[in-house]
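# Coordinates in review
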Amino acid sequence: MKNLLTLSLLFCCSLAMAQVQFKSGKSGFVNFLRENTIYPQFSKDNCIQGTVNVSFKLDAQGKVYFSKVSKGILSDLDEEALRLVRLSSGKWQIPAGYDTTVSIVAPVNFVLSGYNCEGKSSEAIQEAIRTYLAEEGLTNSVINFYKNIDQAKPGQEVQIIAIKNQLGIDDEYLDDRIKMALKKIKQGDKQGACEDFLFVKYMGSKMADDYLAKYCK
């Protein structure tokens, strides 16, 4: 039977939320999340699930002008929850007299079903999160190298390539990252897409250069 992804998204409960409303109606934000969520690959592969709380503020035009993860899972789910809230910018209906300094908290609950996650132990999931954080540090070292490649020392790139190989960052991986970015372009998430294109660039690849020139000027 084909595996299915079930994404449970909860939105709750604050005084501010009682005052504002998604333009498409009461259940509009929940539907928006369901339609636009791209479940991050690392968390999907490692059965990482749970709730990410995102705090954000809206201006008088219903645009998100401040957002941050107030309580995360420490995986790529944090980034996806934050991206979704930012993508909702401009889709909110703001009543007269609304206090734009008030923070709204959106708990976004990610749940996987059909990915053989039922038997995954909490210890294995925590180990996966530790691996994610360690790999994030190594990835940042690669990014910093290519951002400042003009300052690189002779022979240093050999070490960086070894790190990329250790992380499994090859052309196939980068091509998947580009495909994900193009999905974000279709959603209207130019910022998120350009961040992905820049990621490819700062992995020492030219695969995303044309997209950077087209979408990220």
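Residues numbered from 1 in each chain as written. Predicted model: local features only at pLDDT ≥ 70, side-chain atom pairs only at ≥ 80, totals over all residues. Heavy atoms only, no water.

### A word on helix α8 (residues 190-201)
Defined as follows: Runs of H or I in DSSP of at least four residues are treated as helices and runs of E of at least two as strands, each being numbered from the N terminus. Given the number of residues in a helix, its expected span is that number minus one, multiplied by 1.5 Å. Only heavy atoms matter for contacts: two residues are in contact if any of them lie within 4.5 Å across the pair.
With 12 residues, α8 should cover 16 Å at 1.5 Å per step; its first-to-last C-alpha distance of 16 Å lies within 8% of that length. Tucked into the core, α8 has its buried residues touching α5 (122-147), α7 (171-187) and α9 (209-215).

### What to know about the side chain of Asn109
Rule in force here: Note on classification: 1.4 Å probe, protein chains only; a residue is buried when its accessible area is under 20% of the maximum for its type, exposed when over 50%, partly exposed between these limits. Two N or O atoms form a polar contact when they lie within 3.5 Å of each other; inside protein one atom must be a possible hydrogen donor and the other a possible acceptor, and for residues adjacent in sequence the pair counts only when both atoms belong to side chains.
Among the structural elements, Asn109 can be located in strand β5 (residues 104-110). Judged by relative accessible area, which is 15%, Asn109 ranks as buried. Of note is the side chain of Asn109, whose polar atom sits 3.1 Å from the side chain of Thr51.

### Comments concerning the side chain of Asp196
Position of Asp196 relative to the elements: it lies in helix α8. In terms of polar contacts, Asp196 uses its side chain to reach the side chain of Arg177, at 2.8 Å. Sequence-distant contacts of Asp196, that is, excluding residues within four places in its chain, are made with Arg177, Met180, Ala181 and Lys184.

### Overview of the environment of Gln151
With respect to the helices, strands and loops of the structure, Gln151 is situated in the loop between α5 and α6 (156-167). Judged by relative accessible area, Gln151 falls into the exposed class, the value being 59%. In the structure, Gln151 is positioned 64 residues away from Tyr215 in sequence and 28 Å away in space, judged by C-alpha atoms.

### Focus on the UniProt feature "domain: TonB C-terminal" (unreviewed entry) in the protein chain
Heads up, the rule is: UniProt positions are given in the numbering used here, feature names are shortened, and annotations may be inferred rather than shown by experiment.
UniProt records the feature "domain: TonB C-terminal" (unreviewed entry) for residues 24-119 in the present numbering. Structurally, residues 24-119 comprises 27% helix and 27% strand, and the distance from its first C-alpha atom to its last is 38 Å.

### Notes on the domain arrangement of the protein chain
We apply this condition: Residue ranges assigned to the domains are those given by an automatic or database domain assignment. Two parts placed together each lose some accessible area; with a 1.4 Å probe, that loss summed over both constitutes the buried area. Salt bridges, as used here, are contacts in which a Lys or Arg side-chain nitrogen is within 4 Å of a carboxyl oxygen on Asp or Glu. Just so you know the grouping, Ala, Val, Leu, Ile, Met, Phe, Trp, Tyr, Cys and Pro go in nonpolar, Asp, Glu, Lys and Arg go in charged, and all remaining residues, Gly too, go in polar.
Split by domain assignment, the protein chain resolves into domain 1 (21-110) and domain 2 (117-216). Here the C-alpha centre of domain 2 lies 23 Å away from the C-alpha centre of domain 1. Counting from both sides, the interface comprises 16 residues of domain 1 and, opposite them, 16 residues of domain 2. With both chains or domains summed, domain 1 and domain 2 bury close to 1,400 Å², and 65% of this area falls on carbon and sulfur atoms. Looking at the side of domain 1 facing domain 2, the largest losses of area belong to Ile38, Phe42 and Cys47, adding up to 35% of the total buried there. For the pair domain 1 and domain 2, the number of links is 1 salt bridge. Between Asp189 and Arg83 there is a salt bridge, with its nearest N and O atoms 2.8 Å apart. Here domain 1 and domain 2 share 4 residue pairs in polar contact (both at pLDDT 80 or more) between them. Listed by contribution, the elements that provide at least two residues to the side of domain 1 that touches domain 2 are α2 (28-36) and α4 (76-87). Of the residues forming the side of domain 1 that touches domain 2, the biggest block, 5 residues, is contributed by α4. Broken down by class, the residue content of the side of domain 1 that touches domain 2 amounts to 7 nonpolar, 4 polar and 5 charged.

### Some remarks on a negative patch on the surface
Rule in force here: Grouping into patches uses exposed residues only, defined as over 30% relative accessible area, and leaves out salt-bridged ones; the cut-off is 9 Å for like charges and 5 Å for nonpolar side chains (Val, Leu, Ile, Met, Phe, Trp, Tyr). Residue exposure ignores everything except the shown protein chains as possible cover, and the areas themselves are Shrake-Rupley values with a 1.4 Å probe. Charge convention: Lys and Arg are scored as positive, Asp and Glu as negative, and His as well as the terminal groups of each chain are ignored. In plain terms, the charge of a residue is placed at NZ if it is Lys, CZ if Arg, CG if Asp and CD if Glu.
Together, Asp170, Asp171, Glu172 and Asp176 make up a negatively charged patch on the protein surface. Note that Asp170 resides in the loop between α6 and α7. Owing to a relative accessible area of 40%, Asp170 belongs among the partly exposed residues under this scheme.

### Topic: the sheet that holds strand β3 (residues 64-71)
Note the following rule: For two strands to count as paired, DSSP must find a minimum of two bridges between them. Orientation is described by axes fitted as lines to C-alpha atoms, over the contacting stretch for helices, and by angles from 0 to 180 degrees between their N-to-C directions.
Taking strand neighbours across the sheet as the criterion, the 3 strands line up as β3-β2-β5 in an open arrangement whose pairing is antiparallel. Both outer strands of the open sheet, β3 and β5, are each paired with one neighbouring strand and no more. Within this sheet the neighbouring strands show an average axis-to-axis angle of 30°, counted without direction. Contacting β2 (50-58), β3 and β5, α4 crosses the sheet at an angle of about 35° to β2.

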